[in-house]
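The lines below spell out each chain.
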Amino acid sequence: MTTVEQGRPAPKLRRVLTLRLLVVFGIAYLAPTVVFDQFGVTTEKTGGMQALAFVITTIAMFFTAYSYSRMVKAYPRAGSAYTYVQRSVNPWVGFFTGWVMLIDYLLLPMICYLLLGIYMHDVLPMIPVAVWVIAAAAFVAVFNIIGVRAAGRVNSVVVVAQVAFSLVLAVVLAVVVAQVSGPLGLFDSRAVVNPDTFDFGKVLGGAAVLATSFLGFDAVSTFAEETVEPRKTVPRAVMLVSVGAGVGFSVISYVMNLAWPTAYRDMKDPNVGILELFQHTGIEWIKVPFLIVDNASSLVCAMAALAAVSRILYGMGRDGVLPRRVFGRLSPRFQTPVFNILITSAVSLTAIFYADDLFGAASLISFGAITGFVFVNYSAISHYFIRGRQRQGADVVRNLVLPGIGVIISVVLWFGIDMDAKLLGLAWLVLGVIYIAIRSKGFRVPPTPIDLDETGALDMTERDAARG
(Lines give C-alpha, C1' and ligand atoms only; values in the text may rest on other atoms or scores of the structure.)
Protein backbone atom coordinates (compact mmCIF):
# COMPACT_ATOMS: atom_id res chain seq x y z
CA MET A 1 0.00 0.00 0.00
CA THR A 2 2.60 2.52 -1.02
CA THR A 3 2.01 5.97 -2.40
CA VAL A 4 3.99 5.29 -5.55
CA GLU A 5 5.18 1.80 -6.27
CA GLN A 6 7.59 0.91 -9.07
CA GLY A 7 6.84 4.13 -10.94
CA ARG A 8 3.09 3.49 -11.12
CA PRO A 9 0.53 6.12 -10.06
CA ALA A 10 -0.79 5.80 -6.53
CA PRO A 11 -4.32 4.41 -6.18
CA LYS A 12 -7.05 7.07 -6.05
CA LEU A 13 -10.62 7.17 -4.84
CA ARG A 14 -12.92 6.31 -7.76
CA ARG A 15 -15.80 8.57 -8.86
CA VAL A 16 -18.71 6.12 -8.83
CA LEU A 17 -21.37 7.76 -6.62
CA THR A 18 -24.48 9.44 -8.03
CA LEU A 19 -27.05 11.68 -6.32
CA ARG A 20 -29.23 8.67 -5.49
CA LEU A 21 -26.38 6.73 -3.90
CA LEU A 22 -25.22 9.81 -1.97
CA VAL A 23 -28.69 10.37 -0.54
CA VAL A 24 -28.87 6.67 0.35
CA PHE A 25 -25.52 6.90 2.13
CA GLY A 26 -26.68 9.99 4.01
CA ILE A 27 -29.94 8.39 5.08
CA ALA A 28 -28.15 5.16 5.97
CA TYR A 29 -25.68 7.14 8.07
CA LEU A 30 -28.34 8.95 10.09
CA ALA A 31 -30.56 5.83 10.09
CA PRO A 32 -34.30 6.67 9.91
CA THR A 33 -35.12 4.31 12.77
CA VAL A 34 -32.77 6.22 15.09
CA VAL A 35 -35.81 8.29 16.10
CA PHE A 36 -37.18 5.15 17.77
CA ASP A 37 -33.85 4.25 19.37
CA GLN A 38 -33.61 7.70 20.95
CA PHE A 39 -37.23 7.83 22.05
CA GLY A 40 -36.56 6.63 25.58
CA VAL A 41 -33.50 8.65 26.55
CA THR A 42 -34.56 11.94 24.91
CA THR A 43 -38.17 11.71 26.07
CA GLU A 44 -36.96 11.28 29.64
CA LYS A 45 -34.44 14.11 29.24
CA THR A 46 -36.91 16.61 27.73
CA GLY A 47 -39.92 15.83 29.90
CA GLY A 48 -41.89 14.27 27.03
CA MET A 49 -40.96 16.83 24.37
CA GLN A 50 -38.77 14.90 21.97
CA ALA A 51 -40.68 16.43 19.06
CA LEU A 52 -39.80 19.97 20.17
CA ALA A 53 -36.17 18.99 20.58
CA PHE A 54 -36.15 17.61 17.03
CA VAL A 55 -37.71 20.81 15.67
CA ILE A 56 -34.96 22.91 17.31
CA THR A 57 -32.24 20.60 16.01
CA THR A 58 -33.75 20.57 12.52
CA ILE A 59 -33.64 24.36 12.34
CA ALA A 60 -30.00 24.34 13.42
CA MET A 61 -29.12 21.63 10.92
CA PHE A 62 -30.78 23.45 8.04
CA PHE A 63 -28.41 26.39 8.34
CA THR A 64 -25.42 24.15 8.94
CA ALA A 65 -26.30 21.98 5.94
CA TYR A 66 -26.50 25.16 3.86
CA SER A 67 -22.94 26.03 4.89
CA TYR A 68 -21.78 22.51 4.01
CA SER A 69 -23.42 22.78 0.60
CA ARG A 70 -21.59 26.07 -0.02
CA MET A 71 -18.22 24.78 1.12
CA VAL A 72 -18.32 21.54 -0.84
CA LYS A 73 -18.61 23.64 -4.00
CA ALA A 74 -15.36 25.34 -3.07
CA TYR A 75 -13.52 22.20 -1.94
CA PRO A 76 -15.06 19.02 -3.40
CA ARG A 77 -12.71 16.55 -1.79
CA ALA A 78 -12.46 14.08 1.08
CA GLY A 79 -11.94 15.63 4.50
CA SER A 80 -15.20 17.50 5.02
CA ALA A 81 -15.15 19.98 7.95
CA TYR A 82 -11.43 19.53 8.44
CA THR A 83 -10.74 20.56 4.85
CA TYR A 84 -13.15 23.49 4.80
CA VAL A 85 -11.79 25.10 7.94
CA GLN A 86 -8.16 24.34 7.16
CA ARG A 87 -8.25 26.04 3.79
CA SER A 88 -10.76 28.82 4.51
CA VAL A 89 -9.86 29.89 8.03
CA ASN A 90 -6.49 28.69 9.25
CA PRO A 91 -4.45 25.44 9.06
CA TRP A 92 -4.26 25.22 12.86
CA VAL A 93 -7.99 25.81 13.35
CA GLY A 94 -8.64 23.28 10.60
CA PHE A 95 -6.58 20.66 12.39
CA PHE A 96 -8.36 21.18 15.71
CA THR A 97 -11.76 21.13 13.98
CA GLY A 98 -10.92 17.82 12.35
CA TRP A 99 -9.50 16.50 15.60
CA VAL A 100 -12.62 17.36 17.62
CA MET A 101 -14.96 15.95 14.97
CA LEU A 102 -13.02 12.71 15.03
CA ILE A 103 -14.84 12.05 18.30
CA ASP A 104 -18.23 11.71 16.65
CA TYR A 105 -16.87 9.94 13.58
CA LEU A 106 -14.89 7.43 15.60
CA LEU A 107 -17.68 6.81 18.11
CA LEU A 108 -20.77 6.80 15.89
CA PRO A 109 -20.13 3.21 14.74
CA MET A 110 -19.83 2.41 18.43
CA ILE A 111 -23.38 3.69 19.01
CA CYS A 112 -24.65 1.58 16.12
CA TYR A 113 -23.06 -1.57 17.49
CA LEU A 114 -24.21 -0.69 21.00
CA LEU A 115 -27.86 -0.35 19.94
CA LEU A 116 -27.72 -3.66 18.12
CA GLY A 117 -26.10 -5.33 21.11
CA ILE A 118 -28.63 -3.91 23.60
CA TYR A 119 -31.67 -5.01 21.59
CA MET A 120 -30.31 -8.47 20.76
CA HIS A 121 -29.30 -9.02 24.38
CA ASP A 122 -32.87 -8.10 25.37
CA VAL A 123 -34.15 -10.80 23.02
CA LEU A 124 -31.41 -13.38 23.74
CA PRO A 125 -30.13 -12.56 27.24
CA MET A 126 -27.84 -15.59 27.25
CA ILE A 127 -25.59 -13.89 24.66
CA PRO A 128 -23.63 -10.90 26.08
CA VAL A 129 -23.76 -7.48 24.45
CA ALA A 130 -20.01 -7.74 23.78
CA VAL A 131 -20.46 -10.74 21.47
CA TRP A 132 -22.97 -8.88 19.30
CA VAL A 133 -20.72 -5.81 19.19
CA ILE A 134 -17.65 -7.76 18.05
CA ALA A 135 -19.57 -9.71 15.40
CA ALA A 136 -21.17 -6.56 13.99
CA ALA A 137 -17.86 -4.68 13.89
CA ALA A 138 -16.18 -7.48 11.94
CA PHE A 139 -19.05 -7.72 9.44
CA VAL A 140 -19.10 -3.96 8.76
CA ALA A 141 -15.33 -3.72 8.38
CA VAL A 142 -15.31 -6.36 5.63
CA PHE A 143 -17.98 -4.53 3.62
CA ASN A 144 -16.10 -1.23 3.85
CA ILE A 145 -12.84 -2.78 2.75
CA ILE A 146 -14.54 -4.19 -0.35
CA GLY A 147 -15.63 -0.68 -1.34
CA VAL A 148 -18.38 1.95 -1.20
CA ARG A 149 -20.23 0.63 -4.24
CA ALA A 150 -20.77 -2.78 -2.65
CA ALA A 151 -21.81 -1.17 0.63
CA GLY A 152 -24.10 1.18 -1.29
CA ARG A 153 -26.10 -1.71 -2.73
CA VAL A 154 -26.70 -3.14 0.73
CA ASN A 155 -27.57 0.29 2.09
CA SER A 156 -30.19 0.88 -0.62
CA VAL A 157 -32.20 -2.19 0.37
CA VAL A 158 -32.06 -1.52 4.09
CA VAL A 159 -32.81 2.20 3.74
CA VAL A 160 -36.00 1.41 1.81
CA ALA A 161 -36.99 -1.02 4.57
CA GLN A 162 -36.31 1.60 7.26
CA VAL A 163 -38.34 4.31 5.58
CA ALA A 164 -41.23 1.90 4.92
CA PHE A 165 -41.20 0.63 8.52
CA SER A 166 -41.05 4.17 9.93
CA LEU A 167 -44.09 5.18 7.90
CA VAL A 168 -46.00 2.05 8.90
CA LEU A 169 -45.24 2.49 12.59
CA ALA A 170 -46.21 6.18 12.50
CA VAL A 171 -49.56 5.27 10.89
CA VAL A 172 -50.18 2.43 13.37
CA LEU A 173 -49.51 4.74 16.33
CA ALA A 174 -51.75 7.43 14.81
CA VAL A 175 -54.57 4.86 14.51
CA VAL A 176 -54.08 3.87 18.15
CA VAL A 177 -54.29 7.51 19.23
CA ALA A 178 -57.41 8.09 17.11
CA GLN A 179 -59.09 5.01 18.57
CA VAL A 180 -58.43 6.14 22.14
CA SER A 181 -58.93 9.90 21.86
CA GLY A 182 -60.82 10.32 18.61
CA PRO A 183 -59.56 12.07 15.45
CA LEU A 184 -59.08 15.34 17.34
CA GLY A 185 -56.62 13.52 19.59
CA LEU A 186 -54.13 13.68 16.72
CA PHE A 187 -53.90 17.43 17.24
CA ASP A 188 -52.54 18.23 20.67
CA SER A 189 -49.99 21.01 21.21
CA ARG A 190 -48.86 19.38 24.45
CA ALA A 191 -47.14 16.72 22.38
CA VAL A 192 -44.81 19.51 21.25
CA VAL A 193 -44.72 21.89 24.24
CA ASN A 194 -45.96 20.60 27.59
CA PRO A 195 -46.28 23.58 29.98
CA ASP A 196 -46.25 21.25 32.99
CA THR A 197 -42.78 19.88 32.28
CA PHE A 198 -41.20 22.52 30.04
CA ASP A 199 -37.60 23.31 30.94
CA PHE A 200 -35.65 25.07 28.20
CA GLY A 201 -32.31 23.81 29.49
CA LYS A 202 -33.45 20.19 29.40
CA VAL A 203 -35.04 20.57 25.97
CA LEU A 204 -31.84 22.17 24.71
CA GLY A 205 -29.85 19.29 26.15
CA GLY A 206 -32.06 16.84 24.30
CA ALA A 207 -31.74 18.86 21.09
CA ALA A 208 -27.96 18.82 21.42
CA VAL A 209 -27.89 15.03 21.65
CA LEU A 210 -30.29 14.72 18.72
CA ALA A 211 -27.75 16.57 16.56
CA THR A 212 -26.05 13.20 16.21
CA SER A 213 -29.12 12.05 14.27
CA PHE A 214 -28.23 14.48 11.47
CA LEU A 215 -24.65 13.51 10.82
CA GLY A 216 -25.74 11.94 7.54
CA PHE A 217 -25.43 15.20 5.60
CA ASP A 218 -21.90 15.69 6.96
CA ALA A 219 -21.00 12.16 5.93
CA VAL A 220 -22.24 12.90 2.40
CA SER A 221 -19.65 15.67 2.04
CA THR A 222 -16.79 13.26 2.83
CA PHE A 223 -17.49 11.35 -0.40
CA ALA A 224 -16.86 14.32 -2.70
CA GLU A 225 -13.87 12.65 -4.38
CA GLU A 226 -15.92 9.56 -5.15
CA THR A 227 -18.89 11.46 -6.58
CA VAL A 228 -19.72 12.21 -10.19
CA GLU A 229 -19.90 16.02 -10.65
CA PRO A 230 -19.32 16.69 -6.93
CA ARG A 231 -19.83 20.47 -7.05
CA LYS A 232 -23.39 19.95 -8.25
CA THR A 233 -24.33 16.58 -6.78
CA VAL A 234 -23.02 16.81 -3.22
CA PRO A 235 -24.75 20.12 -2.26
CA ARG A 236 -28.08 18.72 -3.45
CA ALA A 237 -27.61 15.54 -1.46
CA VAL A 238 -26.61 17.50 1.67
CA MET A 239 -29.81 19.57 1.66
CA LEU A 240 -32.09 16.66 0.74
CA VAL A 241 -30.78 14.50 3.57
CA SER A 242 -30.87 17.20 6.27
CA VAL A 243 -34.29 18.68 5.50
CA GLY A 244 -35.94 15.34 4.78
CA ALA A 245 -34.60 13.79 7.97
CA GLY A 246 -35.64 16.74 10.11
CA VAL A 247 -39.22 16.74 8.92
CA GLY A 248 -39.54 12.98 9.24
CA PHE A 249 -38.03 12.79 12.72
CA SER A 250 -40.18 15.66 14.02
CA VAL A 251 -43.45 14.16 12.75
CA ILE A 252 -42.70 10.66 14.05
CA SER A 253 -41.66 12.04 17.45
CA TYR A 254 -44.92 13.98 17.63
CA VAL A 255 -46.95 10.83 17.03
CA MET A 256 -45.00 8.87 19.64
CA ASN A 257 -45.53 11.65 22.19
CA LEU A 258 -49.26 11.52 21.45
CA ALA A 259 -49.33 7.75 21.88
CA TRP A 260 -47.66 7.82 25.31
CA PRO A 261 -47.65 11.35 26.78
CA THR A 262 -46.46 10.22 30.23
CA ALA A 263 -43.58 8.09 28.96
CA TYR A 264 -41.01 10.49 30.41
CA ARG A 265 -42.05 9.48 33.95
CA ASP A 266 -43.41 5.95 33.42
CA MET A 267 -40.60 4.23 31.50
CA LYS A 268 -38.62 1.64 33.42
CA ASP A 269 -35.57 1.50 31.13
CA PRO A 270 -35.15 4.44 28.73
CA ASN A 271 -32.46 2.57 26.76
CA VAL A 272 -35.21 0.31 25.40
CA GLY A 273 -38.03 2.81 25.74
CA ILE A 274 -39.42 2.09 22.29
CA LEU A 275 -40.06 -1.54 23.27
CA GLU A 276 -41.99 -0.30 26.30
CA LEU A 277 -43.98 1.98 23.98
CA PHE A 278 -45.05 -1.04 21.95
CA GLN A 279 -46.24 -2.75 25.13
CA HIS A 280 -48.01 0.36 26.44
CA THR A 281 -49.95 0.91 23.20
CA GLY A 282 -50.82 -2.76 22.70
CA ILE A 283 -48.84 -3.28 19.48
CA GLU A 284 -46.25 -5.77 20.72
CA TRP A 285 -46.71 -7.68 17.45
CA ILE A 286 -44.53 -5.05 15.79
CA LYS A 287 -41.56 -5.76 18.05
CA VAL A 288 -40.06 -8.49 15.85
CA PRO A 289 -40.30 -6.51 12.58
CA PHE A 290 -38.81 -3.53 14.44
CA LEU A 291 -35.84 -5.51 15.73
CA ILE A 292 -35.14 -6.91 12.26
CA VAL A 293 -35.28 -3.53 10.53
CA ASP A 294 -33.59 -1.56 13.30
CA ASN A 295 -30.69 -3.97 13.70
CA ALA A 296 -30.17 -3.95 9.94
CA SER A 297 -30.34 -0.16 10.20
CA SER A 298 -27.61 -0.17 12.84
CA LEU A 299 -25.41 -2.23 10.57
CA VAL A 300 -25.79 0.02 7.52
CA CYS A 301 -25.43 3.11 9.72
CA ALA A 302 -22.14 1.69 10.94
CA MET A 303 -21.13 0.93 7.34
CA ALA A 304 -21.72 4.54 6.30
CA ALA A 305 -20.10 5.94 9.46
CA LEU A 306 -17.04 3.73 9.09
CA ALA A 307 -16.70 4.68 5.43
CA ALA A 308 -16.91 8.38 6.30
CA VAL A 309 -14.39 8.39 9.15
CA SER A 310 -11.92 6.30 7.18
CA ARG A 311 -11.94 9.01 4.50
CA ILE A 312 -11.62 11.80 7.07
CA LEU A 313 -8.52 10.05 8.41
CA TYR A 314 -7.30 9.53 4.85
CA GLY A 315 -7.68 13.25 4.10
CA MET A 316 -5.71 14.17 7.25
CA GLY A 317 -3.15 11.43 6.61
CA ARG A 318 -2.27 12.39 3.07
CA ASP A 319 -1.88 16.03 4.21
CA GLY A 320 0.72 14.80 6.66
CA VAL A 321 -1.29 16.02 9.64
CA LEU A 322 -1.57 12.40 10.76
CA PRO A 323 1.21 9.90 9.95
CA ARG A 324 0.95 9.46 6.17
CA ARG A 325 2.36 5.94 6.11
CA VAL A 326 -0.56 4.71 8.18
CA PHE A 327 -3.50 7.02 7.48
CA GLY A 328 -2.69 8.34 3.99
CA ARG A 329 -2.69 5.01 2.15
CA LEU A 330 -5.16 3.25 -0.10
CA SER A 331 -5.25 -0.44 -0.84
CA PRO A 332 -4.06 -1.05 -4.44
CA ARG A 333 -6.57 -3.89 -4.72
CA PHE A 334 -9.69 -2.32 -3.24
CA GLN A 335 -8.77 1.37 -3.52
CA THR A 336 -10.10 1.97 -0.02
CA PRO A 337 -8.25 3.13 3.15
CA VAL A 338 -7.99 -0.32 4.74
CA PHE A 339 -5.76 0.67 7.67
CA ASN A 340 -8.17 3.46 8.64
CA ILE A 341 -11.12 1.07 8.48
CA LEU A 342 -9.39 -1.40 10.77
CA ILE A 343 -8.30 1.28 13.25
CA THR A 344 -11.80 2.75 13.46
CA SER A 345 -13.30 -0.70 13.90
CA ALA A 346 -11.01 -1.31 16.85
CA VAL A 347 -12.08 1.99 18.47
CA SER A 348 -15.73 1.04 17.93
CA LEU A 349 -15.31 -1.93 20.23
CA THR A 350 -15.44 0.52 23.15
CA ALA A 351 -19.21 0.10 22.79
CA ILE A 352 -18.73 -2.78 25.21
CA PHE A 353 -18.10 -0.29 28.02
CA TYR A 354 -21.17 1.90 27.31
CA ALA A 355 -23.88 -0.75 27.56
CA ASP A 356 -25.55 1.07 30.47
CA ASP A 357 -24.99 4.68 29.35
CA LEU A 358 -26.47 5.24 25.91
CA PHE A 359 -27.27 8.91 26.61
CA GLY A 360 -23.72 9.58 27.81
CA ALA A 361 -22.21 8.05 24.69
CA ALA A 362 -24.54 10.07 22.47
CA SER A 363 -23.69 13.27 24.36
CA LEU A 364 -19.98 12.74 23.74
CA ILE A 365 -20.62 12.35 20.04
CA SER A 366 -22.70 15.53 20.01
CA PHE A 367 -19.74 17.47 21.47
CA GLY A 368 -17.59 16.71 18.44
CA ALA A 369 -20.41 17.19 15.96
CA ILE A 370 -21.69 20.54 17.21
CA THR A 371 -18.19 21.96 17.71
CA GLY A 372 -17.42 21.07 14.11
CA PHE A 373 -20.71 22.59 12.92
CA VAL A 374 -19.80 25.93 14.54
CA PHE A 375 -16.55 26.12 12.56
CA VAL A 376 -18.02 24.89 9.29
CA ASN A 377 -20.59 27.68 9.44
CA TYR A 378 -17.82 30.16 10.15
CA SER A 379 -15.67 28.76 7.32
CA ALA A 380 -18.46 29.64 4.86
CA ILE A 381 -18.36 33.24 6.12
CA SER A 382 -14.57 33.31 5.97
CA HIS A 383 -14.30 31.81 2.49
CA TYR A 384 -16.98 33.79 0.67
CA PHE A 385 -17.60 36.96 2.70
CA ILE A 386 -14.23 37.75 4.30
CA ARG A 387 -11.61 36.34 1.93
CA GLY A 388 -13.68 36.19 -1.22
CA ARG A 389 -15.18 39.66 -0.63
CA GLN A 390 -18.53 38.53 -2.06
CA ARG A 391 -20.58 41.21 -0.30
CA GLN A 392 -22.89 42.65 -2.94
CA GLY A 393 -26.68 42.50 -2.62
CA ALA A 394 -27.93 38.97 -1.99
CA ASP A 395 -24.34 37.85 -1.34
CA VAL A 396 -24.67 39.31 2.15
CA VAL A 397 -27.53 36.92 2.91
CA ARG A 398 -25.86 33.91 1.30
CA ASN A 399 -22.38 34.47 2.67
CA LEU A 400 -22.96 36.14 6.03
CA VAL A 401 -26.53 36.04 7.34
CA LEU A 402 -27.40 32.36 6.73
CA PRO A 403 -24.09 30.85 7.90
CA GLY A 404 -24.05 33.41 10.74
CA ILE A 405 -27.38 32.10 11.98
CA GLY A 406 -25.88 28.62 11.78
CA VAL A 407 -22.98 29.72 14.01
CA ILE A 408 -25.29 31.25 16.62
CA ILE A 409 -27.69 28.30 16.82
CA SER A 410 -24.83 25.79 16.94
CA VAL A 411 -23.21 27.70 19.82
CA VAL A 412 -26.51 27.68 21.72
CA LEU A 413 -26.79 23.92 21.20
CA TRP A 414 -23.20 23.47 22.37
CA PHE A 415 -24.07 24.97 25.74
CA GLY A 416 -26.85 22.40 26.05
CA ILE A 417 -24.43 19.46 25.91
CA ASP A 418 -24.06 17.37 29.06
CA MET A 419 -21.20 18.65 31.26
CA ASP A 420 -19.49 15.25 31.51
CA ALA A 421 -19.44 15.05 27.71
CA LYS A 422 -17.93 18.55 27.53
CA LEU A 423 -15.17 17.58 29.93
CA LEU A 424 -14.33 14.42 28.00
CA GLY A 425 -14.45 16.33 24.73
CA LEU A 426 -12.15 19.03 26.05
CA ALA A 427 -9.77 16.34 27.31
CA TRP A 428 -9.69 14.92 23.78
CA LEU A 429 -8.94 18.43 22.46
CA VAL A 430 -6.04 18.80 24.92
CA LEU A 431 -4.67 15.50 23.66
CA GLY A 432 -4.82 16.94 20.14
CA VAL A 433 -2.92 20.04 21.26
CA ILE A 434 -0.18 17.85 22.74
CA TYR A 435 -0.02 15.70 19.60
CA ILE A 436 0.26 18.58 17.13
CA ALA A 437 2.71 20.43 19.40
CA ILE A 438 5.08 17.47 19.23
CA ARG A 439 4.53 16.86 15.53
CA SER A 440 4.97 20.54 14.61
CA LYS A 441 8.09 20.95 16.76
CA GLY A 442 6.46 23.30 19.20
CA PHE A 443 3.97 24.84 16.71
CA ARG A 444 6.84 26.09 14.54
CA VAL A 445 5.84 24.07 11.47
CA PRO A 446 2.19 24.73 10.61
CA PRO A 447 0.02 22.13 8.85
CA THR A 448 0.52 22.72 5.13
CA PRO A 449 -2.57 22.85 2.87
CA ILE A 450 -2.21 20.49 -0.09
CA ASP A 451 -2.45 21.33 -3.76
CA LEU A 452 -5.57 20.36 -5.68
CA ASP A 453 -5.94 19.56 -9.33
CA GLU A 454 -8.72 21.10 -11.43
CA THR A 455 -11.28 18.53 -10.30
CA GLY A 456 -10.53 19.12 -6.64
CA ALA A 457 -8.82 15.76 -6.23
CA LEU A 458 -5.30 15.42 -4.86
CA ASP A 459 -2.71 14.51 -7.47
CA MET A 460 -0.32 12.66 -5.18
CA THR A 461 2.00 11.50 -7.95
CA GLU A 462 2.70 15.03 -9.21
CA ARG A 463 3.10 16.39 -5.72
CA ASP A 464 5.59 13.72 -4.67
CA ALA A 465 7.48 14.14 -7.93
CA ALA A 466 7.75 17.90 -7.36
CA ARG A 467 9.17 17.28 -3.93
CA GLY A 468 11.74 14.90 -5.39
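These notes cover the structure that comes with them. On a predicted model such as this, the values are computed, not experimentally measured, just so you know. (Residues numbered from 1 in each chain as written. Predicted model: local features only at pLDDT ≥ 70, side-chain atom pairs only at ≥ 80, totals over all residues. Heavy atoms only, no water.)

## Considerations on the environment of Lys202
Among the secondary structure elements, Lys202 is positioned in helix α9 (residues 200–210). Lys202 sits in the partly exposed class, given a relative accessible area of 45%. Sequence separation between Lys202 and Lys45 is 157 residues; the distance between their C-alpha atoms is 6.2 Å. For Lys202, the residues in contact, after removing those within four places along its chain, are Lys45 and Thr46. (Helix = DSSP H or I, 4+ residues; strand = E, 2+ residues; numbered from the N terminus. Buried < 20%, exposed > 50% of the residue type's maximum accessible area, 1.4 Å probe, protein only. Contact = heavy atoms within 4.5 Å.)

## A few points about the packing of helix α6 (residues 91–123) against helix α16 (residues 338–348)
Orientation of α6 relative to α16, taken along the N-to-C sense of each, is 55°, at an axis distance of 8 Å. By the angle class used here, α6 and α16 are oblique. Crossing geometry of α6 relative to α16 is assigned as right-handed. On the side of α6, the interface is formed by Leu106, Leu107, Pro109, Met110 and Tyr113, while α16 contributes Thr344, Val347 and Ser348. Looking at side-chain class alone, the contact of α6 with α16 contains six nonpolar, two polar and no charged residues. (Axes fitted to C-alpha atoms, helices over the stretch in contact; angles between N-to-C directions. Parallel < 35°, antiparallel > 145°, perpendicular 65-115°, else oblique. Left-handed = near helix turned anticlockwise from the far one by under 90°. Nonpolar A, V, L, I, M, F, W, Y, C, P; charged D, E, K, R; others polar.)

## So, helix α13 (residues 273–280)
Most of α13 is tucked away: six of the eight residues are buried. Taken residue by residue, α13 has Gly273, Ile274, Leu275, Glu276, Leu277 and Phe278 as its buried positions.

## Overview of the pattern of salt bridges
With the rule as written, the count across this model stands at four salt bridges. Residues Asp266 and Arg265 are paired through a salt bridge, measuring 3.7 Å at the closest nitrogen-oxygen approach. On the accessibility criterion, Asp266 (38% relative accessible area) is partly exposed. Since its relative accessible area comes to 56%, Arg265 is described here as exposed. (Salt bridge = Lys/Arg side-chain N within 4 Å of Asp/Glu carboxyl O.)

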